[in-house]
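Below are the chains, spelled out letter by letter.
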Amino acid sequence: MADLGELVLQHVAKDGEITTSELAQRLQKDHQQIVGAVKSLQSLGNIIESEQRTSKHWELTEEGKEVTKDGSHEARVYNAIPADGGIQQAQLMKSGPYAKIGFSKAMSAGWLEVNKKAPGGPTVQRKVASIVDRVQNQLKQLQQGNLSDITDKEKAELKKRKLIQEVTVNIFLVWKGSGFTTSVQKLDTDLTPEMISSGSWKGKPFKAYNFDAMGVPPTAGHLHPLLKVRAEFRQIFLEMGFTEMPTNNYIESSFWNFDALFQPQQHPARDAHDTFFIKDPEFAHEFPMDYLERVKKVHSEGGYGSQGYKYDWKLSEAKKNILRTHTTAVSARMLYKLAQQEKFTPVKYFSIDRVFRNETLDATHLAEFHQIEGVVADYNLSLGHLIGILHAFFKKLGIEKLRFKPAYNPYTEPSMAVFSYHEGLKKWVEIGNSGVFRPEMLLPMGLPEDVVVIAWGLSLERPTMIKYGIDNIRDLIGPKVNLQMVYDNPICRLDK
Ligand code: PHE
């Protein structure tokens, strides 16, 4: 590069001022390379000055390039006619893809004559003994950048025939600057300990920093936007003292997904329309049997102050393996585990992972998505605690205005849908679901009677799509995802 820079300077010294396109011609280099050399010379100070200009020049089209090799269409037609006889016009027309245009050009050049009355149909003969292929010669000259012999009219004709095209390029006019020199001193880029101890730095010119230079994108792996947003949510939970639950089981038994959560076996959500059932293995077999008996009892007969659902609870239904429909199945397992501790200790748990529902697919719904769930278990919690923690949680996401609306979940009472005011849409939008787990769920597990568990859930996809401005879920997950979207999207910073 330094060498090319010096070559450029030698030409500037000689000519006083010169364009980069002229330099590219003279030095037989690509124009962009010359521009690069000029730019790096300019970064050294005032050795040279430059100004942008546009320059137009003629370039051969693909068809034009073909003509330089094989001759003009009219010459090819002429050459296709035997010198010592004629050729049927119909046959001549089949001699090549450009025969028709070639024939008409050759006719108007006076190279051919047609005998319309020939016995086997019109025949074509050469009218002149030899021809000069001017079009081919002109194009060859143009290709060598030699324009002087071609008139404007001829250029216009070649352009009309789509053999040449005019291209505009940005070039630079370069001239000597106030500090002009032809010998560039190589600037130092690093201040080394040796320079400092010897004091040699004092006399050295250093290269200025280029603060406008773009960083080199690291050639590393890329996190999907969902994972970036998940990391932010995980951070929020960790800041609030929550512990992550193990969610590494997409397959769950109906027992933990539904029965443990006091969801009756004839509940519509347990239908194949909403839930994916596993064929193999179809059933789960290991359950804590005494707990299972208490779950069966609370469903079929009631207990703990509840009258239950009063139906014939079946183990065969509870054993069915499914793809979990919510991460609350994991929360149920964790709360059961907590209840087995000798002495209850308050806990704060969270999870962020994938769940599956047999949904009708559309722009915002897929058959799988991610849930974010928070669970707090402590003595004597109230709805006020739930509202308070939801405010604290969403505040960390930058969401300050919350409203709650009564809702229904089989496993929480009371239940509340969470709404937030969307500044962009200027309306209240639903952002989550929450509630206080029912005693019918907690007491069979063996948790103390005065322990209350509050919980809430939301989807990971929704905030991700809002954050990254994606309005079709198929652009976020699945086979149609543009990987460049994944590479280019910035890290997630929630507006907190
Ligand atoms: N499991 C609920 C859902 O799938 C979310 C939720 C979690 C609701 C915890 C209340 C308490 O929507």
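Scroll up a little and you will see the structure.
Residues numbered from 1 in each chain as written. Predicted model: local features only at pLDDT ≥ 70, side-chain atom pairs only at ≥ 80, totals over all residues. Heavy atoms only, no water.

Draft legend 1. Summary view of the packing of aromatic side chains. For the structure shown, the criterion picks out 22 aromatic pairs. Between Trp256 and Tyr291 the ring centres are 5.6 Å apart and the planes differ by 35°, which places this aromatic pair in the tilted class. Of the two residues, Trp256 sits in helix H12 (residues 254-257) while Tyr291 sits in helix H13 (residues 289-300), which places them 35 residues apart along the sequence. Assigned by exposure class, Trp256 and Tyr291 land together as buried. Sitting over the ring of Phe283, Lys319 keeps its end group 5.9 Å from the ring centre. (Phe/Tyr/Trp six-rings, centres within 6.5 Å; stacked < 30°, edge-to-face > 60°. Helix = DSSP H or I, 4+ residues; strand = E, 2+ residues; numbered from the N terminus. Buried < 20%, exposed > 50% of the residue type's maximum accessible area, 1.4 Å probe, protein only. Lys NZ or Arg CZ within 6 Å of the ring centre and 35° of its normal.)

Draft legend 2. Main features of the sheet that holds strand E6 (residues 164-176). An order of E1-E6-E2 is seen for the three strands of this open sheet, with the pairing classed as antiparallel. Edge strands, defined here as strands with exactly one partner in the open sheet, are strand E1 (17-19) and strand E2 (48-60). Across the sheet, the mean angle separating the axes of adjacent strands is 25° when strand polarity is ignored. Judged from the 13 bridges that link them, E2 and E6 form a sheet pairing that is antiparallel. Bridge pairing in E6 places Trp58 opposite Glu166. Against the sheet, helix H2 (residues 20-27) engages E1 and E6, with an angle of about 80° to E1. (Pairing = 2+ DSSP bridges. Axes fitted to C-alpha atoms, helices over the stretch in contact; angles between N-to-C directions. Contact = heavy atoms within 4.5 Å.)

Draft legend 3. Representation of the sheet that holds strand E5 (residues 123-126) in the model. One open sheet holds the three strands; their spatial order is E3-E5-E4, and the pairing between them is antiparallel. Each edge of the open sheet carries a strand with a single partner, namely strand E3 (87-88) and strand E4 (112-115). Against the sheet, helix H7 (residues 99-108) touches E4 and E5, its axis set at about 105° to E4.

Draft legend 4. Quick look at the nonpolar core. Residues Phe233, Phe393 and Trp456 are the most contacted members of the largest nonpolar core, which totals 38 residues. Within the residue set of this core, elements represented by two or more residues are helix H11 (225-239), strand E10 (347-356), strand E11 (368-379), helix H16 (383-395), strand E13 (412-422), strand E15 (451-459) and helix H19 (483-488). Those residues in contact with Phe233, other than ones at most four positions away along the chain, are Ile352, Ile372, Phe393, Leu397, Leu458, Leu460 and Pro463. (Core = buried A, V, L, I, M, F, W, Y, C linked by side-chain atoms within 4.5 Å.)

Draft legend 5. Spotlight on H13. Taking 1.5 Å of rise per residue, 12 residues should cover 16 Å, and H13 covers 16 Å from first to last C-alpha, within 8% of that figure. Of all the residues in H13, the buried ones are Tyr291, Leu292, Val295, Val298, His299 and Ser300. Two residues or fewer after H13 comes Gly302, characterised by a positive phi angle close to 95°. (Expected span 1.5 Å × (residues − 1).)

Draft legend 6. A look at the site of the ligand. Residues in close proximity to the ligand include His326, Thr328, Arg357, Gln371, Glu373, Asn409, Tyr411, Asn433, Ser434, Ala455, Trp456 and Gly457, which together make up its full environment. Between His326 and the ligand, the recorded distance is 3.2 Å, taken from a side-chain N or O atom to a nitrogen atom. Within the side chain of Gln371, an N or O atom sits 2.8 Å from an oxygen atom of the ligand. In isolation the ligand has 320 Å² of accessible area, and contact with the protein removes 91% of it. Elements represented by at least two residues in the shell around the ligand include exactly E11, strand E14 (427-437) and E15. If you tally residues by element for the shell around the ligand, the top one is E15, at three residues. Tallied by class, residues from the shell around the ligand come to three nonpolar, seven polar and two charged. (Near = heavy atom within 4 Å. Polar contact = N/O pair within 3.5 Å; in protein donor to acceptor, adjacent residues only side chain to side chain. Areas by Shrake-Rupley, 256 points an atom, 1.4 Å probe, with all protein chains shown as cover. Nonpolar A, V, L, I, M, F, W, Y, C, P; charged D, E, K, R; others polar.)

Draft legend 7. Representation of the layout of surface pockets within the structure. Approximately 730 Å³ is the volume attributed to the second largest pocket. Lining the second largest pocket are 23 residues, with Ser21, Gln25, His57, Trp58 and Gly145 sitting closest to its centre. Looking at the lining of the second largest pocket, the elements with two or more residues in it are H2, E2, helix H8 (134-143) and E6. With six residues, the single largest contributor to the lining of the second largest pocket is E2. (1 Å grid on protein atoms, 1.4 Å probe; cavity = no way out; pocket = protein on both sides within 12 Å on 5 of 7 lines; lining within 4 Å. Points joined across faces, edges and corners; volume = space filled by probe spheres on them.)

Draft legend 8. Quick peek at the environment of Ser198. Assignment of secondary structure puts Ser198 in helix H10 (residues 193-198). A polar contact of 3.2 Å, which involves the side chain of Ser198, links it to the backbone nitrogen of Ser200.

Draft legend 9. Molecular detail of unusual backbone geometry. Look at the link from Asp280 to Pro281: it is a cis peptide, with omega at 5°. Locating Pro281 in the fold gives a position in the loop between H12 and H13. The linkage connecting Glu413 with the following residue, Pro414, adopts the cis geometry, with an omega of -5°. Among the structural elements, Pro414 can be located in strand E13. One non-glycine residue with positive phi stands out, namely Phe262, at about 60°. With respect to the helices and strands, the residue Phe262 is situated in the loop between H12 and H13. Using a relative accessible area of 4% as the deciding quantity, one classes Phe262 as buried.

Draft legend 10. Representation of the pattern of salt bridges. Counted by the stated rule, this structure contains 18 salt bridges. Ionic pairing is found between Asp290 and Arg294, a salt bridge with its closest N-O pair at 3.9 Å. In this pair, Asp290 and Arg294 both sit in helix H13, four residues apart, roughly one turn of the helix. Linking Arg354 and Glu368 is a salt bridge whose minimum nitrogen-to-oxygen distance equals 2.5 Å. Here Arg354, found in strand E10, pairs with Glu368, found in strand E11; they are 14 residues apart in sequence, far enough to count as distant. Since its relative accessible area comes to 24%, Arg354 is described here as partly exposed. Three or more residues joined by partner-sharing salt bridges are found here, namely Asp15, Glu22 and Arg26. (Salt bridge = Lys/Arg side-chain N within 4 Å of Asp/Glu carboxyl O.)

Draft legend 11. Here's a closer look at the environment of Thr61. Note on placement: Thr61 falls in the loop between E2 and helix H4 (62-70). The exposure class of Thr61 is buried, given its relative accessible area of 13%. Every residue in contact with Thr61, bar those within four places of it in the chain, is listed here: Lys162, Leu163, Ile164 and Gln165.

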